[in-house]
Structure formats: C-alpha cells, structure tokens
Amino acid sequence: MSFRYLSRAVLVIAMLVQLAAAQSGVGSLRVGVVSQDGKPLAGAVSVVGLGNAVSRMARASDGGDVSFAMLPFGRYTVHVTAAGFAPARQELEISSGIPQDVRVVLGLAPVTTTVAVSQSPYPVISTVRRNPGREQVEMTSPQPARGTIDLVRTEPGWLLEANGVLHPRGSEYDTQFVVDGFPLTDNRSPAFVPAFAPAEFESISVLTGGYPAEYGRKLGGIVEGFTGSASHPGFNGQAALSAGSFATGTAEASVGYSARRWSTRMSATSSETDRYLDPPTTGSLNNSGKVRGLTLLVEGDASTRDRVRAYLRGTAAEFGVPNEEFQHERGQRQQRKGGEYMGQLSYQRVLSRASVFTARTMVRDVSAMLDSNARSTPIIANLDRGFLESYIGVDLSVRRGRHNAKVGGDAVYSGVREQFACRISDSAYFDPAVPATFAVALRESSREFAAYVQDQIRLGNAVISAGIRFDSYSFLVEENAVSPRLGVAWMWPRAGVVVRASYDRVFQTPAIENLLLASSAGAKTLTPDSQGVPVPPSSGNFFEAGFTKELWGKAKLDASFFRRTFTNFADDDVFLNTGISFPISFARARIYGFESKLELPRVGPVTASLSYSNLVGEGSLPVTGGLFLEEDADELFESDHPFRISQDQRSTMAGFARYSLGHRAWAAVRGSFGSGLPVELEGEIPAGQDARIGSAVDWESGRLRPNWQIDLLGGGDVWVRGRRSASLQVHVENVTNRLNVINFAGLLSGTAIGQPRSIRVRLLGRF
C-alpha cells in the first residue's frame, strides 16, 4: 500500500468520525508514557477531540500511566510533554466502550515529534453522527433554556417549531436525549421541563438515522450529551454572566477538583427573562420566566478495572403563558411551573482487554403545573401532572477479530399522575355540547422492557452493522415488537468517498405528557365526537442512503436521502394557547427528503458550515387521542383524507462563517432560512388576529411566507494569565428585526412569533 493511499485513508477516517460507531455512549483511554529505553515517565498528557469539543489534561504518575474516561466516540489527538524530553503527538480513534491502550515514546531530540498511528482504512458505519465543534458551542445563544436546542437545530434535518420543540425529519414528540448513556424520552423543550444548557455537556452528538439496536422508544432523532470530567488536574472551574434584551440575565458557575483517580464537579445556574416562550402576538404579554438548576458529578476508578460514576441534577422553572391581546386586556394570568430531579449511578467493569460490562440505574421525578386566574378567557384551566421514573440497564461489549458486538437490555417503570380541571368562561369559542365544567384525576403505571444484540463487522473497506431489538410496552395498551436494524458502509479511499445505506424498523412509544387524559374514558363526555381511545404506539420503517466526500483535502460534503413510513404517526394537540398539549396519533404518514452539509473545519483563520434540508411529509386522518373542544373538530375523527404534516417545509437552511482575529478574538455571521410551514386554516384570519401576523400567510399556497434570520456575533479574551482567563462575547440576533411567524393558528397548534432583534452580552471567566 502506497504512502499516498494510506495517508488519504487516514485523512478520510479523521473527517468521517462524525458518522459514529456501532455502539452509543463513550469509551476510555489509558496512556502509557515511556522514554526510548522503555522507562516510565511522569509527564503532562492532554486529549483533544477532532470534531467535538472535548479537551482534557491530566498528569501521568511516576509509573508513566494515566487514564481518561467518558470520552465520546470520535477521533482524538494525544499530546504528551515531560521535562527534558521532546513533546509528542499521537492520533487515535475511540469507537467502542472497550478501554483502549496507547503507548507514547518520548525522545531526547530538541524538536517536536509526531507519532502517526496507522488506522485501518475502514469507514466507521452507516449511522450519521454529527458532533458540533467548539466554535459552534461557543456561538450558542445565551437565551435561557434554549442553548442546546439552538445548537442542535443548526444540523440538517432538524426543524424548530414554537417554544423550542425540536422536530427531526418531520417527527413530533419523538426526540430522545441520551445523557451519559441514560435515555430521556419525555419532551425536553422549555415549555415542558427545564432544558439542558450547553455548559452542562462536554460534548454533544446528534443522530438522525442508521440507529444501532440499542436505541429505542423515541427514534425521530437522538441528541447525546456527555457531561464529561474535569478539564485538568487540581481545582478548576468557570463562571459566566450574561445580560440582554427583554430584561434577560443569566448567571452560571461550576467548580471541580480532579485527583489521580477521582474527580468531582458542581455547577449552578440561574436565569430570568421577560420573553421565555414564543408569544402569539408581536408583543410579549405575561411572558416572563425563571429557571434554576444545580448539578453534582462524582466519578472515579475504584480499581484498575472498576469505574463508578454518580450524577445528580435538579432544575426548576416558573413562567407565564403568553397572552393574546384580548386576554391580557381582560386580566388573564396563567402561570406554569415545572421541575425535574434526577439521580444517575453507573458502574463499569473491564473484564478483559476485549470485553467490558456496564450497569446503569436512574430515578427521575418530573412535574408540571398550570394555574389560571379567574379572569382567564375563554377557559379557566388548571393542571398538575407528573411521573416518577425508575430505570435500570445493563450491557456487555466484546471485541473479537472483525467483530465489535454488544448485547444488553433495560427496563423502565413509571408511576404517572394527572389532575386536570377546566371551566368555560366564554362559550362562544366552543362546541355547544361541551360541558361548562370538567375535572378528572388519574393515576396509572407504565412498564417497558427491551433487549437487544448488535454487531459491527469489518470486511476490508466495508463495514456491516446488524442488530435486532425486542420491546415490550404496557401502559393503557400492551404491545410487543421486534425491530431489525441493518446498515452497510463502503469506502473508496483513493476518491475520498464513503457511501452508506441503512434500514431501521422502529417501535416508538406514545408521549407520556397528558397521555392519561387524552386516552381516558372521561374525555368522551366533553364532546359528541370525543373518543377516549388509548393512543397507540407508533411503528415505522426508516430507509436511508447517502455519501460523504472529501473536498480538496480541506472540506467535507455529506448528503443523505431518506424515506420514513409510519403507522399511528405521533403528533400533539395544543390546548388553545395554554401551552398544554395532548398526545395524538394519525392513522398513517410518509416522510421523505434530502439533507446535506458542507463543512470547512478550518482554512487559515476561517471556519464555516452550511446545511440544507428538503422535506415532504403527508399524513392521513383520522386522529386518535387529544382533547379537542373547538367547533369543527369532528372532521379530525371522521375523515380519512390525507394532509400535509405540520413540518412539511420544502427548504431549510442554516450556516455560519467565523473568522479568527489572531489567537484571542473572533467574529462570525450566522443565518437561517425556512421556506414556510403549512397553514391549517383556509383563507381567513381568526378574529382579533394582528394584521401584520396575518400578512405572513400566503393563502394561495396554504403556507407561511418564508422566514429568515441573520445574527452577528463576536468575542475574544480580555485577560489571560496561564490557565486563568476572561473573555467577552456579544450576540446580535435577528439584526434586521424581521417579523418571523413560526406557527399560525389552527386546530392542532396556536400562533407563535419568532424572536425580534435581541442583543446579549456574556462575560466568561475560567480558572
């Protein structure tokens, strides 16, 4: 094999690490530092991610060894320095939960040496795993409860609707967050539960297809976050203050300590704003919000083979439900509260150099409340719901020859409660048959079990990923499902091209939020058309094919074609403009489209990215579930007509360009474009609707007019002393102050207005 052939293969692999591996989660690395005569050395070792935001440093012991745990799958550079020796650098890839050993030899030469590792010229796998880099994380909006969501939406295939609800490839309610290997399948938008902030994660990965069998329950798209460890030995931390438009302010702080075998980190955040949700008017009436959060992480090596990790997180949010103008004039004040308290414990045992066992357990308590005052109109609604979830999961990873296999399973038990009461205060808005008052209190238990086996097989320049998953779901309905998964990828190193294809059979559980009421017999009494039928799980077939191409040795082009078909397609019904939503399902749906992303990691001082998505989605009535009190809702239950799904947006674009001004400052421009979502209503503006909002509707095409936004950003270090530094960032979002209508009023959703021009300043200190 020629050097040119090998170097090109290594370069392609380095660029394509975002495509992921056959297993989710993280791996670990053990570095041994020795001199040329084989004697161990005590030195400084740093690990820096290529394509993700990981950057860690530790000191090797007198025995020359040091370990790094919880490294998200990806490619890394290991830097080693020791007094009296030349520094060395080595590149490697983490693609398995099995610990990887690396030996770095330091020489006495007075120049920097580079140790190249011969990586097999194999593509990684058919999964598309994208890792936002440090530049993207640094440019994330400091808007409260929106940071991680704002970061994910820049990836192709992800559409953002009202109130920060992510929609991957047209799916509603089917986004799954995986935090350090723990699945969270409830809705993570700010209107449901306090969202994760980017500062809570060391690295983030985004997946939209080619799922290994260990993923289940919610498979529209997956956001994996890794909380990480201390960045360097001893005490370390950071603190940030930000302020901006709409009386927005945020304070964040984290402090940690890392010793040789154990580390701990604690963080706290507090934020307030007068524009928390996306309001239904151009004003921001009754829209203030507060978010508080506290986390604690402790992890370490109990022995050379055993690792333990504990993570605690508590968050709470309190915010107003934005009013229409007529509601505000009549004195409506609706307040919502939400909280999440979570504890995670994981244990990993290295059984051999080629096998590792992992066990995880988690307990979560999630709650949400709505209180309406007596002047609320057209309905006075009150809600108190929540669930207590217990989770346990185990898996065994084994590497043998060409095979990288994993077998495991998990179980989830949830106690769910819902209390809902409403009283109509203006009957003109409702079907005459709707009773003036309604109240219900419900409790049920949910049980879910899953088991899976998967394998990644490397055959020359090809990789095959095969797996099968079994799910058992028991909550109002009982269903079992078997889901095969298959993916293949092949690399042509000389052309710098990887082609891939995958098939996923999926089984997705209904949204847990207000599911009892949406499925209850009590709902039958509300209107003559109400069903009270349990919302069923969704099943589907996902197909994908794509390629990745190296361009000029400096850029990467990724493209994917996908098609998804569903039975019992999941969606939601927003209850008036209270912010409460009820799960529903449509009889069938099909979604297909194209996605692409062009990345320029770094050319001189410039870093840039541009993504484009095209999506076509069609669903079929009737509807199951929901809580529809409006007139004309009967057609949802009686018709079998097809319709465009609410995320059917034919063109979506997002991109940025960033220019480094020396080593300490940068400036960037960021933009987004959407060609317009479908509108449910036909040729009329609801009574009392702002004419400026109505003008955003193209009644002839039945869509919202295109929306776009341009942001200007900049920042840099204002003070640096060794590891201590202070930096300043300025964000000017929607610089043209364009009126962007995200959603327009209909039976399934309300009107929502995008953010106007906003200015935010952030001061960050590190030590």
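In case you missed it, the structure is sitting above this.
This report concerns the structure included in the present document.

Quick notes on the rules
Every chain's residues receive numbers from 1 upward, in the order its sequence appears when written. Given that this is a predicted model, residues contribute local features only at a pLDDT of at least 70 and side-chain atom pairs are listed and counted only at 80 or more, while totals for whole chains, interfaces and linings are drawn from all residues. Only hydrogens and water are set aside when side-chain values are computed; all heavy atoms of the structure are taken into account. A run of DSSP states H or I qualifies as a helix once it reaches four residues; a run of E qualifies as a strand once it reaches two. Both are numbered from the N-terminal end. Three exposure classes are used, based on accessible area relative to the maximum for each residue type with a 1.4 Å probe and protein chains only: buried under 20%, partly exposed in between, and exposed over 50%. When checking whether two residues touch, look at their non-hydrogen atoms; a contact exists if any pair is within 4.5 Å. All accessibility values rest on the Shrake-Rupley procedure with a 1.4 Å probe; residue burial counts only the protein chains present in the view. N or O atoms closer than or at 3.5 Å make up a polar contact, with two conditions inside protein: a donor-capable atom paired with an acceptor-capable one, and, for residues adjacent in sequence, both atoms drawn from side chains. Definition used in this section: a nonpolar core is a set of buried Ala, Val, Leu, Ile, Met, Phe, Trp, Tyr and Cys residues joined via side-chain atoms within 4.5 Å. Strand pairing is assigned whenever DSSP identifies at least 2 bridges connecting the two strands. Any carboxyl oxygen of Asp or Glu that lies within 4 Å of a side-chain nitrogen of Lys or Arg is treated as forming a salt bridge with it.

**Description of the overall build of the protein chain**
Argument step 1. Scanning the protein chain from terminus to terminus reveals seven helices and 42 strands.
Argument step 2. Here the protein chain holds 767 residues, and 58% of them are scored as buried.
Argument step 3. Taking as baseline every contact in the protein chain between residues at least 6 positions apart, the subset at least 24 positions apart corresponds to 68%.
Argument step 4. Summed over its atoms, the accessible surface of the protein chain is roughly 29400 Å², and 58% of this surface lies on carbon and sulfur atoms.

**Observations regarding the side chain of His731**
Argument step 1. By secondary structure assignment, the location of His731 is in strand E39 (residues 724–733).
Argument step 2. On the basis of relative accessible area, His731 is assigned to the buried category, the value being 1%.
Argument step 3. There is a polar contact of 3.3 Å between the side chain of His731 and the side chain of Gln729.
Argument step 4. When residues no more than four places from it in sequence are discounted, the contact partners of His731 are Glu138, Met139, Thr140, Ser141, Pro142, Leu712, Leu713, Ser758, Ile759 and Arg760.

**Notes on the nonpolar core**
Argument step 1. Counting 31 residues, the largest nonpolar core has Leu184, Phe196 and Tyr276 as the members making the most contacts within it.
Argument step 2. Among the secondary structure elements, those contributing two or more residues to this core are helix H3 (147–152), strand E12 (175–179), strand E13 (182–184), strand E14 (203–207), strand E19 (289–301) and strand E20 (306–320).
Argument step 3. The contacts of Tyr276, once residues within four sequence positions are left out, are Ala145, Arg146, Pro190, Asn287, Ser288, Gly289, Val291, Ala317 and Phe319.
Argument step 4. The next biggest cluster of nonpolar side chains, apart from the first, holds 23 residues, and it includes Val54, Val66, Val80 and Val104.

**Focus on the sheet that holds strand E15 (residues 221–226)**
Argument step 1. One open sheet holds the five strands; their spatial order is E9-E14-E15-E12-E13, and the pairing between them is mixed. Each edge of the open sheet is held by one strand with a lone partner, namely strand E9 (129–130) and E13.
Argument step 2. Sheet topology places E9 next to E14; two bridges connect them, and they run antiparallel. Within E14, the position partnered with Arg130 by the bridge is Val206.

**Concerning the pattern of salt bridges**
Argument step 1. Under the counting rule described, the total for this entry stands at 39 salt bridges.
Argument step 2. One salt bridge in this structure joins Arg169 and Glu595, with 2.8 Å as the shortest N-O distance. One end of the pair, Arg169, is in the loop between strand E11 (165–168) and E12; the other, Glu595, is in strand E31 (residues 581–603), and 426 residues separate them in sequence.
Argument step 3. A relative accessible area of 2% places Arg169 in the buried class.
Argument step 4. Linking Glu299 and Arg309 is a salt bridge whose minimum nitrogen-to-oxygen distance equals 2.5 Å.

**As for the environment of Ala60**
Argument step 1. Considering the arrangement of structural elements, one finds Ala60 in the loop between strand E3 (55–59) and strand E4 (65–72).
Argument step 2. As for Ala60 and Arg260, which are separated by 200 residues in sequence, their C-alpha atoms are 8.6 Å apart.
Argument step 3. Discounting residues that sit within four places of it in the chain, Ala60 has contacts with Val33, Leu41, Ala42, Gly43, Val45, Asp65 and Val66.

**So, the side chain of Asp186**
Argument step 1. Mapped onto the elements, Asp186 comes out in the loop between E13 and E14.
Argument step 2. Its relative accessible area of 3% is what places Asp186 among the buried residues.
Argument step 3. In terms of polar contacts, Asp186 uses its side chain to reach the side chain of Arg188, at 3.3 Å.
Argument step 4. Among the polar contacts listed, one links the side chain of Asp186 to the side chain of Arg364, at a separation of 3.1 Å.
Argument step 5. Residues in contact with Asp186, not counting those within four places in the same chain, are Thr175, Arg364, Val366, Phe387, Ile512 and Glu513.

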